[in-house]
Each structure stands twice: as structure tokens, then as C-alpha cells.
Amino acid sequence: VILTPHWRRRLATACLLVLAAWSANRFHWRSLSWRWPGAVQANGLSPEQWRAKGTGFGFDPDYAVFLDAVRRATPPDATVCVIAPRPGTHLSYVYQAVFTLLPRRVVGPGEAAVVPFVAFYNDDRALALPGSSRIARGVLIRR
Amino acid sequence: MTAIAGAALGLMAAVLSGLAASRRMLAGLSRAEKAAWGLAVGLLLQAALCLLLALARPGADFTLPLAVLSTLLILPVLRRSSATETALPPPSGSPFAVKWILVAAAAGVALFSVVALSEPMWVPDYLAVWGLKAKTIFLTASVPGRLFHDPETLWSHPEYPLLLPLDLAALSTWARGWDDRAPALLYPICQAATALAAFGFLRRRGRAVGGAVAAALIAWFFPLYAPEHVGLADIPLALGFVLVGTALLDAFETDTPAVRTRLAAAALFCAALKPEGSLFAVLAALVWLARRPRGRAAATVAGALAAPVFLHAAALRLARGPIASRDFDLGFLQPARWGQWLGRVGVTVGEITRADIAAAAVPLAALAVFFLVTRRGLADPLGHLLAGQAALYVLAVSLCAFGPAFLVETAFARIVCALFPVLALVLGARVGRDEALPP
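Residues numbered from 1 in each chain as written. Chains lettered and ligands numbered in written order. Predicted model: local features only at pLDDT ≥ 70, side-chain atom pairs only at ≥ 80, totals over all residues. Heavy atoms only, no water.

*Asks:* Would you mind showing me how to read the overall build of chain B here?
*Replies:* The helix and strand inventory of chain B stands at 18 helices and 0 strands. The globule rule puts the C-alpha radius of gyration for 439 residues at 22 Å, and the 21 Å found for chain B is close to it. Judged by the C-alpha coordinates and their principal axes, chain B covers about 65 × 60 × 45 Å. Counting the 439 residues in chain B, one finds 58% classified as buried. Considering only contacts in chain B between residues 6 or more positions apart, those separated by 24 or more positions represent 81%. (Helix = DSSP H or I, 4+ residues; strand = E, 2+ residues; numbered from the N terminus. Rg over C-alpha atoms; globule rule 2.2 N^0.38 Å. Buried < 20%, exposed > 50% of the residue type's maximum accessible area, 1.4 Å probe, protein only. Contact = heavy atoms within 4.5 Å.)

*Asks:* Could you clarify how one ought to interpret the side chain of B:Glu276 in this entry?
*Replies:* Structurally, B:Glu276 is set in helix α12 (residues 275-291). A relative accessible area of 10% places B:Glu276 in the buried class.

*Asks:* How do you make sense of the interface of chain A and chain B when you look at a structure like this?
*Replies:* One frequent convention defines the size of an interface as the accessible area lost when the parts assemble. Every contact between the two is made by 44 residues of chain A and, on the other side, 53 residues of chain B. Taking both sides of the interface into account, the surface hidden between chain A and chain B amounts to around 4,400 Å²; carbon and sulfur atoms contribute 74%. Considering only the surface of chain A that becomes buried against chain B, A:Arg35, A:Tyr95 and A:Phe99 emerge as the three largest contributors, covering 16% of it. Where chain A touches chain B, the interface holds 3 salt bridges. (Buried area = accessible area lost by both parts, 1.4 Å probe. Salt bridge = Lys/Arg side-chain N within 4 Å of Asp/Glu carboxyl O.)

*Asks:* I tried to follow unusual backbone geometry on my own but got confused; where do I start?
*Replies:* When glycine is set aside, most residues are seen to have a negative phi, and most peptide bonds are trans. Note that the residue after A:Leu102, namely A:Pro103, is joined by a cis bond; omega there is 10 degrees. Tracing the sequence through the fold places A:Pro103 in the loop between α5 (91-100) and β2 (105-107). Positive phi, close to 50 degrees, is recorded for B:His157, a residue that is not glycine. Secondary-structure assignment places B:His157 in the loop between α6 (146-149) and α7 (163-174). For B:His157, a relative accessible area of 15% translates into the label buried. For B:Arg176, which is not a glycine, the phi torsion comes out positive at approximately 60 degrees. Mapping B:Arg176 onto the fold places it in the loop between α7 and α8 (186-204). Taking the relative accessible area as the measure of exposure, B:Arg176 reaches 61% and is therefore exposed.

As C-alpha cells, this is what we get:
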């Protein structure tokens, strides 16, 4: 089939429109209804409070409350062991703990015996351990 | 002053300082291109200032020094504001069409701005890699060794370069406090700069409509400009790719000190963002070596592209010592394991076909038809660069230590999407003959 220049131009334009339409269709149009207020209005929340209510803690909103309590209860230069005892724990628990508690250094359960602070998420059994105290959604051990 | 206004001020300072520092290398470019280059060079300068202050006065608040040094860098722009603009070729085609296509592009940027600023950055890779480093640098006012050598955070890609974390830390300094939302303003600004770079380049080459089409395609490419990419390096990297691409196309025309400086600045910007950026700059050097016009020296342009990459890598190695990437198993490259590796390449291609190509079959078919029915454009040499980069991504995925499926699922589509703005430049150059569009 031989296309005239005129039809080549039309076909090229149609191809670009298909490409643009496919790209535009990847935009989450329905999300605009809740994104718009967040983008243009001050909501009175502190950066930490806003982060706690955002998509990042969608996997477990209570975890944000717990990490905030750990943050308040530990000095900025502390090393903290965070134990989130969930079967099949996904990496978001680790990433959120390390990021939220900065500039504290966060370590895993392997170092629980040697660090000055150990925080247990949603595990009251740790209250039986020496130096433990209850914090929001968990227990903190101070040595 | 709100945090967003502070970040906006920081970005404005970055653009102005970038323009001041790169005045000579930007001579002859359109205003749109100058804005894009100003941002890229300004981000390099802001990161350099942040690093300098963190190293010189670790632990000290660097809000005031950063503002003072940025102002000093901006002064040359204020003094010479009457500099003459370069005369561009008169726009061909319908200025009306160009205007409306650009309005559509601006709408794309506005939509992504709403997305980027609607909530604090939260993507796992932001928390685990870019934001983690930026927040550490900001809160400690230093670049602590634990960013590179802490066994508890081996997943944070300690081997990655630090331009983005330093820029996010600098923007938080301008915002007067750590804030996970305000620095996100960088992302729609980078989107706008990428569209402007493509438009400005094609406009300068007399392809105003093609430039506007490229800008609109870029601004509306929501697979890249997506909420799950806010906080990552891919969106700024796409700007770097376009800057390398336009500077390389200029180098095919003429080899001047200004062009070579632009190539070096763009290569450094890419290399300092992500390893894919280094790869792109080195591949651009190879494309130049393979396709340079007859009689043109090989070393100058290739050197301008490759030298910043290797110097940056050497500086990083000296500063933080050796860091092995845990993502790739290079043992597959040994001749004894080539058979295994080939099998993995097959698995990789199969996974990509199943997961990504099938999902993008319609636009890929549209692209194929577009290339069949249009004539060669001035940006076609970038097609080799894109093909080479994509092929190397496939090979890299096949070497993944966690299995090819892992990287196909988590990263391949994202890193390929960052190449789209360069492809849009190629497409725009092909419709650049304004008569190619129907009335």
C-alpha cells in the first residue's frame, strides 16, 4: 500500500495522539479529588503528623503512632533496636523505622542484647523484661 | 514563610545561580533551554555548596551560609541582566498551534504538581535510599560514614551517588526544617525543565511545532511523572538525559568550547544522580565515536562526556572507599557461566515481554507505525543511544543477584520510562517539519 504524503501526515498525527492518550490514561484522575486539597491548602498538621496519615503508612497506620512514641522517648543520638513482630513482615516496617527515627541509628533484632533502647511493636510480653515501659502501641526497654 | 515557599525560593536560587555560572556555555541557546540548563547546573551547585558546608562545618546549621553563598553566586545574573538575547530563527508553522500545544504541556505539569505536592513523599525507595540519605545529611549537617558502611542499611544502595540527597537536604534547608513534602516541588520543576529543554532545542533548530509536540508528550507522560516516582532520582535523571541528548546533537553540528562544556555539565549531572546516568553519558560518548561526522576529532567530544563520569566515580571511591553493589552477580560474566547467563537473558526478555511489553503494546505499535510513516529527523542519532541503553538495562537485569524477575517487577519499567523524554525529542524532530502536521 502506498500512502500519499497527506495520509502519512494524518497517520503520524494519529500515532502521536494514541501515544499521548495512553500516557494520559495512566494518570489517576480520580485521585485528584483528594490530592487537590492536600496540594493547595495548609492542613494544620506538622510534617510528622502528615506523614503518619499519608500513603506511606497505609500498610499499618498504628505503626506510625508507635514510631512517633519511640522518637519522643529516645534521644536523637541513640541507637534503637526496633522489633516489629509480624509474620511475613514486609520491608516497609524496616524502611519506615529507619527513616522516621533519624538521626537515630536503627538496628535489627540481632543487636537487641547490646543496644541501649529496644522497642517492641504491639507486643506486651516485653513488659515483663527489666527496664521496660509502655509506649503508644508498644513497649520500650531502656538500659 | 511556608516550607513550600522556602523550597520554591531554593529552586529559584538554584536556577539563577546555574544561569550565572553557565552564562558562557549557554550563549546561543533559546530561553527555554537556558532555564532547563540553569536548573541542572544550579542543582549541581546547590549540592556542591551543601557538601562543602557539611564537610567544612559538620554538625553546624548551614541555613545562613547556604543562603549567603547562593546569593553571591546569583549576583552576576543581577548585574548583567541587560545581556542581549540570541536571535532565533523565525518560528515556522502556526504560532497558534504552538501556543496551544504548549498550553497543553503546561496543563500536564500542573497536574503532576498537584500529585507531587499532595502529600509527603512516601515511596519505599524514597524512604530506603534517597530520603534516608537526604534526611541523614540534613539532620546531622554532615555526610556520616554510616551512609556507606552501616551493615544495618545495606539495602540503601550505599554505592549510589549523592547529588539528589544533597539537593533534597539543601531544599529542606531553604524550607527551614526537614519536610517530606516541600522538596517534592523539585519534581514538577524537573518535569517542566525537561519539556522546556526539548522544546527550546527544537525551536532553536527551526522546528517550533515539533518542539511543542515533544514538550507536550513529555509533560503528559504520566508513566514517568507518577506519584510512585516522587522522591526518586528517575525524574531528575530524565532531565539529564535530554540535556546530554541535545548537547550531543549540537556536537554533531559544531564542536565549540561551549558545546563541550554543556556535554561535560550534563554528563556530570547524570553521573551524580544514578549509575544509569553514568552509563548514558558513556554510551553517548560511544555514539559520538561511531557516528561522528567525517574529519571531526574523536577525543574532544568523547572526552567531554566520559571524563566527568570517571572523575566523579574516582572522587566517590576516594571519599568513601570501595563499596560492592549487592544487586548484581557479576560472576555470570565469567566464561564458565556464560551458558547460565544466556539462559537468564532469555528469562529476562520473557519476563519483560510478559510484564511490560504486553502492557504497552498499543503505544509501542503506534510508535512503530510513526517511525514507518515519517522521515528521518535531526534527533535520530539519539535512537542508537536509547536502544543501547535499553539493551544494557536488559543485560543488567539478567545479572540481578535476586533473579531477573525481581528487577523486572520492581525497577525495569521505571528506569526505561526515564528514557522517554529523549524519545519524545526524536519524535518531535520527525514532526519538526511543520508542514508534516495536518492543518
